[in-house]
Amino acid sequence: MTPLALGMVILVGMLIAVIVGLPVGIALLGAGVLGYSILSGPTQALTQIGLVLWDNGTNFVLVAVPLFILMGQIIFHAGLADHIFTLAQRLTARLPGGLGISTVVASAAFGAVTGSSVAAVATMGNIAVPEMIKRGYTKSLATGSVASAATLAILIPPSIPLVIYGVWSETSIGALFIAGIVPGLILAVLFAIVLVAQRKHYHYTTNSGSDVPSEGMRADELKGALSVAAIFFIVIGGIYAGIFTPTEASGVGAIGVAVVSAAMGRFSMAAMRRALRETIRTSAAVFIILAGGVVFSRFLVQTRLTETLVAFVSGLDVSPQLMMVALAGLYLLLGAIMDTFGMLILTLPLVLPITVSLGYDPIWTGVYLTVLMEIAMITPPVGLNVFILERVSGVPAQTIFRGVWPFVVAALGLVLLLIWVPELALWLPATMR
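If you're wondering where the values come from, they're calculated on a predicted model, not measured in any experiment.

### Some points on the packing of aromatic side chains
So, point 1. Enumeration according to the criterion identifies 8 aromatic pairs in this entry.
So, point 2. Ring geometry for Phe-191 against Phe-407: centres 5.4 Å apart, planes inclined by 80 degrees, an arrangement best described as edge-to-face. Of this pair, Phe-191 sits in helix α11 (residues 181-201) while Phe-407 sits in helix α20 (residues 397-420), placing them 216 residues apart in sequence. Phe-407 carries the same exposure label as Phe-191, and that label is buried.
So, point 3. A ring pair is formed by Phe-232 and Phe-233, whose centres lie 5.2 Å apart and whose planes are at 65 degrees; its orientation type is edge-to-face.
So, point 4. Overall, the relative accessible area of 17% leaves Phe-232 in the buried class.
So, point 5. Phe-233 sits in the exposed class, given a relative accessible area of 58%.
So, point 6. Site record: aromatic cluster; members linked through ring pairs are Tyr-36, Phe-296 and Phe-299.

### Digging into α20
So, point 1. Between the first and last C-alpha of α20 there are 34 Å, a value that for 24 residues agrees with the 34 Å anticipated at 1.5 Å per step.
So, point 2. Along its length, α20 reaches its greatest deviation from straightness, about 35 degrees, at Trp-405, and the proline Pro-406 lies no more than four positions downstream.

### Focus on the confidence of the model for the chain
So, point 1. For the chain, the mean per-residue pLDDT works out to 83, and 93% of the residues sit at or above 70.
So, point 2. Averaged pLDDT values over the elements of the chain bottom out at 77 in helix α15 (residues 305-314) and peak at 94 in helix α21 (residues 423-426).
So, point 3. Across residues 201-210, confidence stays below pLDDT 50; counting only partners more than four residues off in sequence or on other chains, it has 19 contacts.

### Section: the packing of helix α7 (residues 117-134) against helix α19 (residues 384-393)
So, point 1. Taken N-terminus to C-terminus, the directions of α7 and α19 make an angle of 35 degrees; their axes are 9 Å apart at the nearest point. Along this stretch, α7 crosses α19, giving a crossing that reads as right-handed. Where α7 abuts α19, its residues Ser-117, Val-118, Val-121, Ala-122, Gly-125, Asn-126 and Val-129 lie against Leu-384, Asn-385, Ile-388, Leu-389, Val-392 and Ser-393.

### Description of the nonpolar core
So, point 1. Within the largest apolar cluster, 150 residues are counted, with the highest numbers of intra-cluster contacts made by Met-14, Ile-164, Phe-296 and Tyr-368.
So, point 2. At 12 residues, α20 tops the list of elements feeding residues into this core.
So, point 3. In this structure Ile-164 touches Leu-62, Val-65, Val-286, Leu-290, Phe-341 and Ile-345, once residues within four positions along its chain are discounted.

Rules of the game
Residues numbered from 1 in each chain as written. Predicted model: local features only at pLDDT ≥ 70, side-chain atom pairs only at ≥ 80, totals over all residues. Heavy atoms only, no water. Phe/Tyr/Trp six-rings, centres within 6.5 Å; stacked < 30°, edge-to-face > 60°. Helix = DSSP H or I, 4+ residues; strand = E, 2+ residues; numbered from the N terminus. Buried < 20%, exposed > 50% of the residue type's maximum accessible area, 1.4 Å probe, protein only. Expected span 1.5 Å × (residues − 1). Bend = angle between axes of the 7 residues up to and from the residue. pLDDT = per-residue confidence, 0-100. Contact = heavy atoms within 4.5 Å. Axes fitted to C-alpha atoms, helices over the stretch in contact; angles between N-to-C directions. Left-handed = near helix turned anticlockwise from the far one by under 90°. Core = buried A, V, L, I, M, F, W, Y, C linked by side-chain atoms within 4.5 Å.

Encoded structure:
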């Protein structure tokens, strides 16, 4: 069997393993080791495992992953998200569909300091969904907006997927963070427009009350929300100005939210233990997926499968834009069978060389893939955000899926904008110091 044929067989076998339920990290690592063992012998396979684990385990940049996760977990377990939501309500109270828009704003803000879509949907599901239903929003609209808005957490920096992408592709993580800001804000505006359009079309969605909060905002709530916002601007502003590296910024952010939580009286050892436990669990899962992806990608390079695929795509008489639209369709299909991190690491060895050969910047590719990951988080049958929100809110997944489709259309609109206007993601990083 030729190396190319071996690569194709191993790739298909690995996909089958993922479809039947094997964890993506284990499937990637197992496929890479098996392929290396057949191609170069068991000794070479074991050597690659040792090299990959050492290289990634001692990578200074990867320290940002557990620290950004810890930053989000502290905010989540300290309960500071309700302050953010209350402030968002006050700011949007006089707008049409103000409560729904405040959910989008709060989810974007919460995501901006956590980088975790899962934490955002779990938190906003507890805070925003009961309030929206009480104010007359239908269950599908309330839950659909929360599940969709929570995906902004992985696009607006700091973003864990962008850190992983940056490490794997050797792209500036600071530039990736800054590149996600403009598309993230555009998507937040599109989500708000979807909410307002649905509120006007379905008049019964607000027939039981006003979107204006009945009580004013307490001074401690305002202080907590503004303190969290200040941490975000310090972290991202420091990266933009070249004061911090992303890893240093993650440390500043984690310490900052711990100090704010303690000052607000929300910090306890029990909450810290829960935050650390979740940080360790999530970081370990990310590390396994990343290590497995690196081993697998190195095996594919040895088989020349990546090179062959790039040459094939480059020879097609199709415009780069249409090729990226087709690639987006492929990601929507992959999102139906695997989790977002697995989808990212699995496809990068093949997709990144293709996008570069088509003339797209690696920074743009990172943002483009992250938006597609957002869509995968709310579309069936996997739809991770939807099933988390089902557990949190008690609303059936079928009802939530009905509510997310207008937001999926809005996100697909952003994908098309990025394909035809790549500068949306590139002009701000170009101004960095």
